[in-house]
Amino acid sequence: MKYVSTRGFEGRFTAEEAIIMGIAPDGGLFVPESIPVLSDDDIEQMKNMSFCEISARVLSKYMDDFTEDELLGYTREAYSEEKWGEDPVPLVQLNSYNDREYILELWHGPTCAFKDVALQLLPHLMTASIRKTGESKKICILTATSGDTGKAALEGFKDLPGTEIIVFYPTGGVSEAQKLQMVTTTGDNTHVIAVNGCFDDAQTGVKKIFADEAFNEELLSKGIKLSSANSINWGRLAPQIAYYVYSYIELLRREKITKGESINIVVPTGNFGNILAAWFAKQMGIPVHRLICASNRNKVLCDFFSSGKYDRNREFYKTSSPSMDILISSNLERLLYEITDKDPDKVKDWMNKLNTEGVYKVDPQTLKRMQMLFVGGFADETGVSKTILDVYDRTDNIVDTHTAVGFNIYNRYHGRSGDECKTVFASTASPFKFSAAVMDAIKGEGFSRDKSIEEVITELSDESGLPIPDAIKDLSSKPVLHKDVIEKEDMEAKVRSILLG
Ligand SMILES: *Cc1c(COP(=O)(O)O)cnc(C)c1O
């Protein structure tokens, strides 16, 4: 299996090369040349498999230089009971009296967000890729974060020999807990830097550094190679496909669906990585009726799925679901490539327009193809709050602000469509990560205003009966180890001073 760039770069690359490079040489994203399909035998066998085993099987289809056994070794280490509890990604039926809705809890990992699923595994894939390709350079992971990727990547790569990790987060664009998690990170190879601006500024800055050939040459000559832990890296995306396959297998073995029965998948979306993983699961043969792409007030994707026009020239809102406060959803590029039957010229043209004018419009055929599968929708802040309370009242489950965006969109979709397909909700973060917004939703606006973050977290634990996750405990008593704040223009200079002194 080889990987190519969405923008038509001539070379073909192995999975290992794609993982090490992170982004294609022409600024495009790596995609597999063809999408592997799960056979009937695969599905039958998976019914007797654990999540780790399913994950290894799915990944083996995309990485043919790795044996399934080797990958199983990595998934077992990445998703150990010690780090995740007994069931790494529990699929929880929402109501005992309705068997339509299921929450796929993706936040039982070390930093309480779904990004742990991929970022606990990526360091294993990266190390193995370095070994297999004979790469001798030090790998520096550059990452922009809207809050959750940063900490998950830091935990994954902390003190990993042969690597350095630099995380840029937008000042004020992340929740208090997210920020404290990052700036208290230990480890000799970790660097956390605040950038004055929003997530898109940080992500654009990182992409610019990747695209600066002279700078990359200079780093190479000093024995350093840049890579990415954002979902632009294929090694970040592939592990996410596995949990959608797993959720389908779970429904099959619990006899909630029959073989071949289609399900819906609801994904609160920012950079379009997680929902794209669900799309890949569908292409691999998992029967999916609708992919529901849920946005917050930054509803650029919702508008895109209705009009075919992607327009980032709009007001940017800070919301209670900060990990989705994104106007440039990078992974859409991969979908566009696939859905235009792999037309790199079209993709390149659209991405250039996005870069220069901030807007592009796809052709009617492309739009129609997307609309056959994707349902877009957006929720405003009041809607998110109401939904948290509603889900709690109805089911006794407390969902975080991001997951609530998904419920909000789905509830309205279900109401108007009458679509009764079994539905899996990607639950992307623990409510403890967004305790203040969640408690305000349940107890009333302003509830947490004058309380310390610890008080609010304790109240949430009392209310929900859930233990406070270790990752969230005692956050404000840990020493702050990373204090740098820079302007977005200075990101490259910062990387230079960290790596070259
Ligand atoms: C990153 C994140 C999202 C958005 O996922 P994308 O893959 O960027 O679309 C949603 N919810 C939470 C909690 C996140 O951390």
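Conventions adopted
Residues numbered from 1 in each chain as written. Predicted model: local features only at pLDDT ≥ 70, side-chain atom pairs only at ≥ 80, totals over all residues. Heavy atoms only, no water. Core = buried A, V, L, I, M, F, W, Y, C linked by side-chain atoms within 4.5 Å. Buried < 20%, exposed > 50% of the residue type's maximum accessible area, 1.4 Å probe, protein only. Helix = DSSP H or I, 4+ residues; strand = E, 2+ residues; numbered from the N terminus. Contact = heavy atoms within 4.5 Å. Near = heavy atom within 4 Å. Polar contact = N/O pair within 3.5 Å; in protein donor to acceptor, adjacent residues only side chain to side chain. Areas by Shrake-Rupley, 256 points an atom, 1.4 Å probe, with all protein chains shown as cover. Nonpolar A, V, L, I, M, F, W, Y, C, P; charged D, E, K, R; others polar. Phe/Tyr/Trp six-rings, centres within 6.5 Å; stacked < 30°, edge-to-face > 60°. Pairing = 2+ DSSP bridges. Axes fitted to C-alpha atoms, helices over the stretch in contact; angles between N-to-C directions. Left-handed = near helix turned anticlockwise from the far one by under 90°. Parallel < 35°, antiparallel > 145°, perpendicular 65-115°, else oblique. Salt bridge = Lys/Arg side-chain N within 4 Å of Asp/Glu carboxyl O.

Focus: the nonpolar core
The biggest cluster of nonpolar side chains holds 114 residues, and the ones touching the most others in it are Tyr 62, Ile 241, Val 245, Phe 272, Leu 336 and Tyr 360. In terms of residue count, helix H11 (residues 234–253) provides more of this core than any other element does, 13 residues in total. Apart from the residues within four sequence positions on either side, Leu 336 is in contact with Phe 304, Val 347, Trp 350, Met 351, Tyr 360, Val 362, Thr 366 and Met 370. In this structure, Ala 379, Tyr 413, Met 439 and Ala 471 belong to the second largest nonpolar core, which totals 33 residues.

Some details on the site of the ligand
Inspection of the region around the ligand gives 15 residues, with Lys 115, Asp 148, Gly 270, Asn 271 and Asn 274 positioned closest. Here an oxygen atom of the ligand sits 2.7 Å away from a polar atom, N or O, in the main chain of Gly 270. Taking Gly 273, its main chain carries an N or O atom lying 3.2 Å from an oxygen atom of the ligand. When the free accessible area of the ligand is taken as 380 Å², the share hidden by the protein chains comes to 98%. In terms of residue class, the shell around the ligand is built from 5 nonpolar, 8 polar and 2 charged.

Thoughts on the packing of aromatic side chains
Counted according to the given criterion, the structure contains 21 aromatic pairs. Aromatic pair Trp 279 and Phe 280: ring centres 5.3 Å apart, planes at 90°, arrangement edge-to-face. Taken individually, Trp 279 and Phe 280 each receive the classification buried, so the pair is uniform in this respect. With centroids separated by 6.1 Å and ring planes inclined at 20°, the aromatic side chains of Trp 350 and Tyr 360 adopt a geometry described as stacked. Here Trp 350 is found in helix H15 (residues 344–356), whereas its partner Tyr 360 is found in strand S12 (residues 359–361), with 10 residues between them in sequence. Owing to a relative accessible area of 5%, Trp 350 belongs among the buried residues under this scheme. Tyr 360 gets classed as buried once you look at its relative accessible area, which sits at 3%.

What to know about the sheet that holds strand S9 (residues 263–268)
Pairing is mixed in the open sheet, where 6 strands are placed in the order S3-S4-S14-S9-S10-S13. Looking along the sheet, the strands with just one partner apiece sit at the ends: strand S3 (91–93) and strand S13 (374–378). Strand-to-strand twist of the sheet, defined as the mean angle between neighbouring strand axes without regard to direction, takes the value 25°. Strand direction decides the pairing type here: S3 and strand S4 (residues 101–105), joined by 3 bridges, are antiparallel. For Gln 93, the partnering residue across the bridge sits in S4 and is Tyr 102. Here helix H12 (residues 273–283) sits on the sheet in contact with S9, strand S10 (288–295), S13 and strand S14 (422–427), set at roughly 175° to S10.

A short note on the packing of helix H14 (residues 332–339) against H15
Their axes nearest at 9 Å, the elements H14 and H15 cross at an angle of 145°. Of the two elements, H14 crosses H15, and the hand of that crossing is right-handed. Two secondary-structure elements touch here, H14 through Glu 333, Leu 336 and Tyr 337 and H15 through Pro 344, Val 347, Trp 350 and Met 351. Looking at the contact of H14 with H15 residue by residue, the class counts come to 6 nonpolar, no polar and 1 charged.

Side note on the packing of helix H9 (residues 199–211) against helix H21 (residues 491–500)
Relative orientation and spacing of two packed helices are given, respectively, by the angle between their axes and the distance between those axes. At a minimum axis separation of 9 Å, H9 and H21 run at an interaxial angle of 60°. It follows that H9 is oblique to H21 by the angle criterion. As H9 packs across H21, the resulting crossing turns out to be right-handed. Taken together, the residues of H21 that come into contact with H9 (itself represented by Asp 201, Ala 202, Gly 205, Val 206 and Ile 209) are Met 491, Glu 492 and Val 495. When its residues are assigned to classes, the contact of H9 with H21 shows 5 nonpolar, 1 polar and 2 charged.

Considerations on the sheet that holds strand S6 (residues 163–170)
Reading across from one edge, S8-S5-S6-S7-S15 is the order of the 5 strands in this open sheet, with parallel pairing throughout. Edge positions in the sheet fall to strand S8 (224–228) and strand S15 (485–487), since each has one partner strand and no second. Each strand of the sheet is rotated relative to its neighbour by a mean of 30°, with strand direction disregarded. With 5 bridges joining them, strand S5 (residues 138–144) and S8 adopt parallel strand pairing. From the neighbouring strand, Cys 140 faces S8, where its bridge partner is Leu 226. The strands touched by helix H7 (residues 148–157) are S5, S6 and strand S7 (190–196); relative to S6, the strand with the most contacts, the crossing angle is about 165°.

Examining the pattern of salt bridges
Taken as a whole and assessed by the stated rule, the structure comprises 32 salt bridges. Between Lys 151 and Glu 155 there is a salt bridge, and its shortest N-O distance comes to 3.1 Å. On the criterion of helical spacing, the pair formed by Lys 151 and Glu 155 is a turn pair, its members being 4 residues apart in helix H7. With a closest N to O distance of 3.1 Å, Arg 369 and Asp 341 form a salt bridge. Taken together, the positions of Arg 369 in helix H16 (residues 364–371) and Asp 341 in the loop between H14 and H15 put the pair 28 residues apart, joining distant regions of the chain. A relative accessible area of 55% places Asp 341 in the exposed class. Within the structure, one salt-bridge network assembled from shared partners comprises Asp 40, Glu 44, Lys 47 and Lys 259.

Things to note about helix H13 (residues 300–307)
The element H13 is largely enclosed, with a buried count of 6 among its 8 residues. Inspection of H13 places Val 300, Leu 301, Cys 302, Asp 303, Phe 304 and Phe 305 among the buried residues, and these make up the whole buried set. Where H13 is buried, its residues contact S10, strand S11 (309–311), H14, S12, H16 and S13. Once H13 finishes, Gly 308 follows within two positions and takes phi at roughly 85°, a positive value.

Thoughts on the side chain of Ser 60
Tracing the backbone shows Ser 60 in helix H3 (residues 51–62). Excluding anything up to four places from it in sequence, Ser 60 contacts Glu 68 and Leu 71.

What about the environment of Cys 293?
In this fold, Cys 293 is placed in strand S10. Residue classification places Cys 293 among the buried positions, given a relative accessible area of 1%. In sequence terms Cys 293 and Pro 268 are 25 residues apart; their C-alpha atoms lie 6.3 Å from each other.

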